[in-house]
Amino acid sequence: LAGVAVPGERLGSTDDFTPGSGTYKRDGYVYASVTGTVKKQAAQKPGQPPIVRVVRSESQHLVLPETGSIVTCKVTSINSNVCKASILCVGAIHVKDPFRGVIRREDVRATEKDKVEMYRCFRPGDIIRAKVISLGDAQSYILSTAENELGVIFAESEAGAAMVPVSWCHMQCPKTRAKENRKVAKVHT
C-alpha cells in the first residue's frame, strides 16, 4: 500500500485500515477521495487498525482539460437543456481550482438524443465521469457522457445514502430501496 492513488481507488478493507483525510469508507472498504500519495500512520487507540490517508501534491493543479480528456465532475445545476458541472479531476489528477463544464442535452447519450430529459439523467451533487469534446467558450468546457463508461459514478439518495447502480438508467438507495433515474456510468471491475 504505497504510491499514488486516484479518487475511487480501493485502498483496503476497513478491517485493515481506519479512513483518514483524503479517504472515505463504503461497504467495508476504504477508498481514496483525492489524487495523491498514500500514507499510513499508527492507530490512535490500541487495537484499532492503522490510519490510511491520501495527501495531495502541490504540483497536481498544473493540468488543464483538453479535447479528449476524461474528467471527473460534480454537478452544480441542471435545466431542461444543460447540466452545469465543476471539473474536479482531469484524468487521475486533481485540479486545485475547479473548471466549469457543461453537458448539453444532445451530448448525454449516443442514441435517442431527442428523448433525453436532463432531470432523469443527473441531479445536483452527483459525481460524474465525462469526456471533454470541445474547449467551448471562455466560460465552460463542453462535456459529453455519450459512452457507456461515462455518466454518474456517485450519487447520494434523498435519505443521504450512497446509491448503488442497478442498471444503466437507475440507481437505488440501499436504505429505502427507492430507485432514482440517472445516466449511470458502466463501472469496470
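Structure report, in brief. Given the structure is predicted, the values throughout are model-derived calculations rather than measurements. Counting of residues starts from 1 at the beginning of each chain's written sequence and follows it residue by residue. pLDDT decides what is reported in this predicted model: residues at 70 or higher carry local features, side-chain atom pairs at 80 or more are listed and counted, and totals for whole chains, interfaces and linings draw on all residues regardless. Note that the side-chain values use all heavy atoms of the structure and ignore hydrogens as well as water.

A word on the overall build of the chain
For the chain, the count of helices and strands is zero helices and 16 strands. The principal-axis extents of the C-alpha atoms in the chain amount to approximately 60 × 40 × 25 Å. Here the chain, with 189 residues, has 38% of them falling under the buried criterion. In what follows, a contact means two residues having at least one pair of non-hydrogen atoms within 4.5 Å. Summarising the internal contacts of the chain: among those between residues at least 6 apart in sequence, 49% fall at separations of at least 24. Note on areas: these come from Shrake-Rupley sampling with a 1.4 Å probe, and a residue is covered only by the protein chains present in the view. Of the roughly 10600 Å² that the chain leaves accessible, carbon and sulfur atoms contribute 49%. Counting from the N terminus, the helices are the DSSP runs of H or I reaching at least four residues and the strands are the DSSP runs of E reaching at least two. When a residue's accessible area, from a 1.4 Å probe over protein chains only, is under 20% of the maximum for its type it is buried; when over 50% it is exposed; and in between it is partly exposed.

Side note on the nonpolar core
As used in this record, nonpolar core signifies buried Ala, Val, Leu, Ile, Met, Phe, Trp, Tyr and Cys residues forming a set joined through side-chain atoms within 4.5 Å. Within the largest apolar cluster, 27 residues are counted, with the highest numbers of intra-cluster contacts made by Val 71, Ile 87, Phe 122 and Leu 143. Elements represented by at least two residues in this core include exactly strand S8 (70-78), strand S9 (82-90), strand S10 (93-104), strand S11 (127-134) and strand S12 (141-144). Apart from the residues lying within four places of it in its own chain, the contact partners of Val 71 are Pro 65, Ile 87, Cys 89, Val 90, Ile 128, Arg 129, Ala 130, Val 132 and Leu 143. Counting residues in each nonpolar core, the second largest holds nine residues, with Ala 5, Phe 17, Ala 32 and Val 52 among its members.

Some details on unusual backbone geometry
Here Asp 27, not a glycine, exhibits a phi torsion of approximately 55°, which is positive. Its location among the elements puts Asp 27 in the loop between strand S4 (23-26) and strand S5 (29-32). On the basis of relative accessibility, which here comes to 65%, the residue Asp 27 falls in the exposed class.

As for the pattern of salt bridges
The salt bridge criterion pairs a side-chain nitrogen of Lys or Arg with a carboxyl oxygen of Asp or Glu, the two atoms within 4 Å. Scanning the model with the defined rule gives seven salt bridges in all. A salt bridge links Arg 26 to Asp 27, with the shortest nitrogen-to-oxygen separation between them at 3.9 Å. Among the ionic pairs, Arg 123 bridges to Glu 180, the shortest N-O distance being 3.1 Å. A residue pair is termed long-range when its members are at least 10 positions apart, and Arg 123 in the loop between S10 and S11 and Glu 180 in strand S16 (residues 179-181) qualify at 57 residues. Overlapping salt bridges, with partners in common, bring together Arg 123, Asp 126, Glu 180 and Arg 182 in one network.

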